[in-house]
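# Descriptive structure summary
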Amino acid sequence: MSAMLETPELPAVFDGVKLAAVAAVLYVIVRCLNLKSPTAPPELIYQDSALARFLLKSCPLLTKEYIPPLIWGKSGHIQTALYGKMGRVRSPHPYGLRKYLTMPDGATATFDLFEPRSEHCIGEDVTMVICPGIANHSEKQYIRTFVDYAQKNGYRCAVLNHLGALPNIELTSPRMFTYGCTWEFGAMVNYIKKTYPQTQLVVVGFSLGGNIVCKYLGENQANQERVLCCVSVCQGYSALRAQETFMQWDQCRRFYNFLMADNMKKIILSHRQVLFGDNMKKPQNLSDTDLSKLYTATSLMQIDDNVMRKFHGYNSLKEYYEEESCLHYLHRIYVPLLLVNAADDPLVHESLLSIPRALSEKRENVMHVLPLHGGHLGFFEGSVLFPEPLTWMDKLVVQYANAICQWEKTKSQCSDTEQAVSGQE
């Protein structure tokens, strides 16, 4: 009799288990998608100055909420994965001309040149010189989307193709792009300056490209001539500090490290004959043993230590990372500098963000922009599920460049007025 009274309660128990399971799944979804995270304007770190006040007035995106897609946009991992897998949505196909430059060591640098498709807002000739992320080039979708938008805003664009990154361009020297080598970027900039003597430059770097452009500007004061401003997006500033965080499983960085290392291995091995073959010009300390180690490498650090650092003769990985990072060059940049990172970028550890923060607190020409969301080079926008073709990042870079152009034109007009008044006196 007692057993018969207890059996009706079993379905209720099962319903309770189902409810708990559903609640657990919903909890995991909310946590993974970071749905409880608020939307807010980006955090801005800067010194109060006339330039900063002008930028805040002229760049609405700096003070406006960045609103990512509702369902998944607050997850830095999904933003990063979509950038890595898709690049962008409905990416355009801007038409450009490929240029070839022979370097002193026999390497062939290439870049793609895109002419403006409308008049610039100040009516001047302005060229964006763009350095993409690691192993990227002008054919990547996020680059094509940005170039198309810049062209429509009156900018000529020159996009560097990292040495060895284009699958249809063979290496002509036993050397590939490295973390901080500025030779190819410098050659592209010099070509633009010589070919277009009236143009002014806006320097743009994405991820690893951000490190290269900042290092290039800081290496020599002459490199900043005719440069209006520089924008760096999602770089880590110091490879030496970043290497430890890349071996941690926090935010899945070790997994991202493995994926990027696997991609780098494929690119290096595609040039195996030039880099490791019987070539008199190849680095003397690059051997068949390094090729064997490359096959078993599971991290970027192993690849950098066994292969990349040897292209430039560095004696150790520490020396390579110290010399190739822009950290020691940032304070030598005197043109307006915009440093953009995302707080949820899974590749850039939060400890690295102290570098741009400290610089922005000391230098009037530097502003650090830190939105809560965006991942690594994601920054997708959209209402609920589907992202828009143009990202917050694309709009911000162009909006900032437009504001700096207006700022420089206003200063020039004021200077001309002062000279005219002085001449009349």
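Since the model is a prediction, treat every value here as computed from it, not as a measurement.

### Overview of the overall build of the chain
- Across its full length, the chain holds 16 helices and nine strands.
- In the chain, which comprises 425 residues, the share counted as buried stands at 54%.
- Summarising the internal contacts of the chain: among those between residues at least 6 apart in sequence, 79% fall at separations of at least 24.
- Accessible surface, the chain: about 19800 Å² in total, of which carbon and sulfur atoms supply 56%.

### Concerning helix α8 (residues 208–219)
- The end-to-end C-alpha distance of α8, which contains 12 residues, comes to 17 Å, matching closely the 16 Å that a straight helix rising 1.5 Å per residue would cover.
- Of all 12 residues that make up α8, 11 are buried, and the element is covered over most of its length.
- Of the positions making up α8, those classed as buried are Leu208, Gly209, Gly210, Asn211, Ile212, Val213, Cys214, Lys215, Tyr216, Leu217 and Gly218.
- On its buried face, α8 is in contact with β4 (126–131), α7 (183–195), β6 (200–206), β7 (227–233), α14 (317–324) and β8 (337–340).

### Some words on the pairing of β6
- Most of β6 sits inside the fold, with six of its seven residues counted as buried.
- Looking at chain direction, β4 and β6 are connected through six bridges and run parallel. Bridged to methionine 128 within β6 is valine 202.
- As paired elements, β6 and β7 share six bridges and run parallel to each other. Pairing of valine 204 across the sheet is with valine 231, part of β7.
- As for the winding sense of the linkage, the β-α-β connection from β6 through α8 to β7 is right-handed.

### Digging into the UniProt feature "active site" (unreviewed entry) in the chain
- Here, UniProt's "active site" (unreviewed entry) annotation points to Ser207, Asp345 and His376. On the basis of their most widely separated C-alpha atoms, the annotated residues across 170 residues gather in one place, lying no more than 11.1 Å apart. Restricting the annotated residues just mentioned to those that line the largest pocket leaves Ser207 and His376.
- Inspection of the secondary structure puts serine 207 in the loop between β6 and α8.
- With a relative accessible area of 13%, serine 207 lands in the buried category.

### Details of the sheet that holds β7
- Read across the sheet, nine strands follow the order β1-β9-β8-β7-β6-β4-β5-β3-β2 without closing on themselves; strand pairing throughout is mixed. Two strands in the sheet have a free side with no partner beyond their single neighbour: β1 (43–45) and β2 (97–102). Across this sheet, the average inter-strand angle for adjacent strands is 20°, counted without regard to direction.
- Relative to strand β5 (residues 156–161), strand β3 (residues 108–114) runs antiparallel, the two sharing five bridges. When the bridges of β5 are listed, aspartate 112 appears paired with valine 159.
- Contacts from helix α6 (residues 141–152) reach β3, β4, β5 and β6 within the one sheet, and its direction differs from that of β4 by about 170°.

### Examining the packing of α7 against α8
- Orientation of α7 relative to α8, taken along the N-to-C sense of each, is 65°, at an axis distance of 10 Å. Comparing their axes, α8 and α7 come out roughly perpendicular. Every pair of crossing elements has a handedness; the one defined by α7 and α8 is right-handed. Note on element contacts: α8 touches α7 through Ile212, Val213 and Tyr216, opposite Phe185, Gly186, Val189 and Asn190.
- Its residues assigned to classes, the contact of α7 with α8 comprises five nonpolar, two polar and no charged.

### Describing the side chain of arginine 144
- Relative to the helices and strands, arginine 144 is located in helix α6.
- A distance of 3.4 Å separates the side chain of arginine 144 from the side chain of serine 91, its partner in a polar contact.
- A distance of 2.7 Å separates a polar atom in the side chain of arginine 144 from the backbone oxygen of proline 92.

### Side note on the side chain of threonine 182
- Mapped onto the secondary structure, threonine 182 falls in the loop between β5 and α7.
- Of the residues examined, threonine 182 reaches a relative accessible area of 6% and is grouped as buried.
- Here glutamate 219 takes part through its side chain, which lies 2.9 Å from a polar atom of the side chain of threonine 182.
- Those residues in contact with threonine 182, other than ones at most four positions away along the chain, are Ile212, Lys215, Tyr216 and Glu219.

### As for the packing of helix α10 (residues 253–270) against helix α12 (residues 288–296)
- Between α10 and α12, the least distance of the axes is 10 Å, while the angle of their chain directions is 145°. With respect to the hand of their crossing, α10 and α12 are arranged in left-handed fashion. Between α10 and α12, the contacting residues are Lys265, Ile268 and Leu269 on the first element and Leu291, Leu294 and Tyr295 on the second.

### Digging into the packing of aromatic side chains
- This model, assessed by the stated rule, comprises 13 aromatic pairs.
- Ring plane angle 80° and centroid distance 5.6 Å describe the contact between phenylalanine 146 and phenylalanine 206, whose orientation is recorded as edge-to-face. Here the residue phenylalanine 146 occupies a position in helix α6, and phenylalanine 206 occupies one in strand β6, the gap between them amounting to 60 residues.
- Overall, phenylalanine 206 belongs to the buried group, its relative accessible area being 0%.
- Relative to tyrosine 216, the ring of phenylalanine 185 has its centre 5.3 Å away and its plane inclined at 80°; by these criteria the two rings are edge-to-face. Remark: tyrosine 216 occurs in helix α8 and phenylalanine 185 occurs in helix α7; sequence separation between them is 31 residues.

### So, α7
- Between the first and last C-alpha of α7 there are 18 Å, a value that for 13 residues agrees with the 18 Å anticipated at 1.5 Å per step.
- Of the residues making up α7, those classed as buried are Glu184, Phe185, Gly186, Ala187, Met188, Val189, Ile192 and Lys193.
- Along its buried surface, α7 packs onto β2, β3, β4, β5, β6 and α8.

Cut-offs and rules
- Residues numbered from 1 in each chain as written.
- Predicted model: local features only at pLDDT ≥ 70, side-chain atom pairs only at ≥ 80, totals over all residues.
- Heavy atoms only, no water.
- Helix = DSSP H or I, 4+ residues; strand = E, 2+ residues; numbered from the N terminus.
- Buried < 20%, exposed > 50% of the residue type's maximum accessible area, 1.4 Å probe, protein only.
- Contact = heavy atoms within 4.5 Å.
- Areas by Shrake-Rupley, 256 points an atom, 1.4 Å probe, with all protein chains shown as cover.
- Expected span 1.5 Å × (residues − 1).
- Pairing = 2+ DSSP bridges.
- Right-handed = clockwise from strand over helix to strand, strands pointing away.
- UniProt positions renumbered as here; feature names shortened; annotations may be inferred.
- 1 Å grid on protein atoms, 1.4 Å probe; cavity = no way out; pocket = protein on both sides within 12 Å on 5 of 7 lines; lining within 4 Å.
- Axes fitted to C-alpha atoms, helices over the stretch in contact; angles between N-to-C directions.
- Parallel < 35°, antiparallel > 145°, perpendicular 65-115°, else oblique.
- Left-handed = near helix turned anticlockwise from the far one by under 90°.
- Nonpolar A, V, L, I, M, F, W, Y, C, P; charged D, E, K, R; others polar.
- Polar contact = N/O pair within 3.5 Å; in protein donor to acceptor, adjacent residues only side chain to side chain.
- Phe/Tyr/Trp six-rings, centres within 6.5 Å; stacked < 30°, edge-to-face > 60°.

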